[in-house]
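Inside the fold
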Amino acid sequence: MEVKTMAQYMAEGKQPEVLFWVGCAGSFDDRAKKITRAFVKILNKVGTEFAVLGTEEGCTGDPAKRAGNEFAFQMQAMMNIEVLNAYEIKTIVTTCPHCFNTLKNEYPSLGGNYEVLHHSQFLQKLINEGKLTIEGNKPFKGKRITFHDPCYLGRGNNIYEAPRTLIEKLDAELVEMKRCRTRGLCCGAGGAQMFKEPEPGRKDINVERTEEALEIQPQIIATGCPFCNTMMTDGVKSMNKETEVLVKDLAELIAEAEDL
């Protein structure tokens, strides 16, 4: 799989179109790595010149900030901004809404000003420009797919249409949960909750969300966030439905539709 680093581009005296910010989950989590690979396959297919930071990429600091450690967040952010500005980065695309939100909304006040796109927006842009066309046998034609809105993509940044446009391009039947779009329910992993055990209660929030999804009998639960993907997958497994209902990222759906 062909992936160049920014250092390699600089050595060649070139600048890529976009920087792909992989994120902690996309780099280290085995399930999220599949999302990273799927997105890279799409970028390679359409001929987008992109680069990653590789070992120069650090955590955006989102979990530290959400957990209340502003000092740790600013330390992490400043180190990343120093690297990004040294490479004169203009456009960043990421598959993680947490990274997206932090880079887009919280880095500017620290001196990091970039155009930041979530991968659903970038994929829609490629389709609008005619660079990406979903053809072939369309393996998802007629399949019932519901989309779980990630908090930092939907309510945090008002991005609701791009993910749904991608699902409709698959010729799939988009079915909506009762709580969707501005009323979407969190999967339970935001605010650094991904990294701690839940407090005692009647029911885990990811189970509650999965029950809402299963009520409308989808064949696939689509996500646009590696954290949401983990939480919804765990929810489906808790109900022994993993053979009947798949949990897939938008990039994986597009890559499979294109047989990449």
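Just above sits the structure.
Here we come to helix H5 (residues 70–86). Compared with the 24 Å implied by 1.5 Å per residue over 17 residues, the 24 Å span of H5 between its first and last C-alpha is a close match. The secondary structure elements touched by the buried residues of H5 are strand E2 (18–21), helix H4 (62–66), strand E4 (91–94) and helix H6 (97–106). One or two steps after H5, the chain reaches glutamate 88, where phi turns positive at roughly 55 degrees.

Further remarks concern the side chain of threonine 102. With respect to the helices, strands and loops of the structure, threonine 102 is situated in helix H6. On the accessibility criterion, threonine 102 (0% relative accessible area) is buried. Separated by 2.9 Å, the side chain of threonine 102 and the backbone oxygen of histidine 98 make a polar contact. What threonine 102 contacts, discounting residues up to four positions off in sequence, is Thr60, Asp62, Arg66, Phe73 and Tyr107.

At their nearest, the axes of helix H7 (residues 119–128) and helix H11 (residues 250–257) sit 10 Å apart, and the two run at 35 degrees to each other. Two secondary-structure elements touch here, H7 through His119, Ser120 and Leu123 and H11 through Leu250, Ala251 and Ile254. Here the contact of H7 with H11 is built from residues that sort into four nonpolar, two polar and no charged.

On to the pairing of strand E8 (residues 220–223). Burial of the side chains of E8 extends over both faces: Ile220 and Ala222 are buried on one face and Ile221 and Thr223 on the other. Alignment of strand E6 (residues 144–147) against E8, held across three bridges, turns out to be parallel. Bridge pairing in E8 links isoleucine 145 to isoleucine 220. Sheet topology note: the E8/strand E9 (residues 246–249) ladder contains four bridges and is parallel. Its bridge partner being in E9, isoleucine 221 is matched across the sheet by valine 247.

Turning our attention to unusual backbone geometry. Unlike most non-glycine residues, asparagine 158 shows phi in positive territory, near 55 degrees. Mapped onto the elements of the fold, asparagine 158 is located in the loop between E6 and helix H8 (161–169). For asparagine 240, which is not a glycine, the phi torsion comes out positive at approximately 55 degrees. Following the sequence through the fold, asparagine 240 ends up in the loop between helix H10 (226–238) and E9.

Side-chain alternation along E2 places Val18 and Phe20 on one buried face and Leu19 and Trp21 on a second face that is also buried. Here E2 runs beside strand E3 (residues 50–52); their pairing, made up of two bridges, is parallel. Bridge pairing links leucine 19 to alanine 51 in E3. By the bridge criterion, three bridges tie E2 to E4 in an arrangement that is parallel. The residue bridging leucine 19 from the neighbouring strand is isoleucine 92, located in E4.

Turning next to the packing of helix H9 (residues 205–215) against H10. The geometry of H9 relative to H10 is characterised by a closest axis approach of 8 Å and an angle of 75 degrees between their N-to-C directions. With respect to H10, the element H9 is oriented roughly perpendicular. For the pair H9 and H10, the contacting residues are Asn206, Val207, Arg209, Thr210 and Ala213 in the first and Met231, Met232, Asp234, Gly235, Val236 and Ser238 in the second. Taken together, the residues that form the contact of H9 with H10 break down as five nonpolar, four polar and two charged.

Strand-to-strand pairing in sheets goes through backbone hydrogen bonds, with the strands running parallel or antiparallel. The strand order E7-E6-E8-E9 describes an open sheet built from four strands, whose pairing is parallel. In this open sheet, the two strands that pair with only one neighbour each are strand E7 (173–174) and E9. Across the sheet, H11 touches E6, E8 and E9, and the angle it forms with E9 is around 90 degrees.

Moving on, we get to the environment of leucine 132. Following the sequence through the fold, leucine 132 ends up in the loop between H7 and E6. The exposure class assigned to leucine 132 is buried, which follows from its relative accessible area of 3%. Taking the C-alpha atoms as reference, leucine 132 lies 32 Å from arginine 209; in sequence the two are 77 residues apart. Contact partners of leucine 132, with chain neighbours within four places excluded, come to Ile42, Val46, Leu123, Leu126, Ile127, Ile254 and Glu258.

One pass over the full model with this rule turns up three aromatic pairs. Centre to centre, the rings of phenylalanine 39 and phenylalanine 122 are 6.4 Å apart; their planes meet at 75 degrees, and the pair counts as edge-to-face. One end of the pair, phenylalanine 39, is in helix H3 (residues 30–46); the other, phenylalanine 122, is in helix H7, with 83 residues separating them in the sequence. Judged by its relative accessible area of 0%, phenylalanine 39 falls in the buried class.

Cut-offs used in this document
Residues numbered from 1 in each chain as written. Predicted model: local features only at pLDDT ≥ 70, side-chain atom pairs only at ≥ 80, totals over all residues. Heavy atoms only, no water. Helix = DSSP H or I, 4+ residues; strand = E, 2+ residues; numbered from the N terminus. Expected span 1.5 Å × (residues − 1). Contact = heavy atoms within 4.5 Å. Buried < 20%, exposed > 50% of the residue type's maximum accessible area, 1.4 Å probe, protein only. Polar contact = N/O pair within 3.5 Å; in protein donor to acceptor, adjacent residues only side chain to side chain. Axes fitted to C-alpha atoms, helices over the stretch in contact; angles between N-to-C directions. Nonpolar A, V, L, I, M, F, W, Y, C, P; charged D, E, K, R; others polar. Pairing = 2+ DSSP bridges. Parallel < 35°, antiparallel > 145°, perpendicular 65-115°, else oblique. Phe/Tyr/Trp six-rings, centres within 6.5 Å; stacked < 30°, edge-to-face > 60°.

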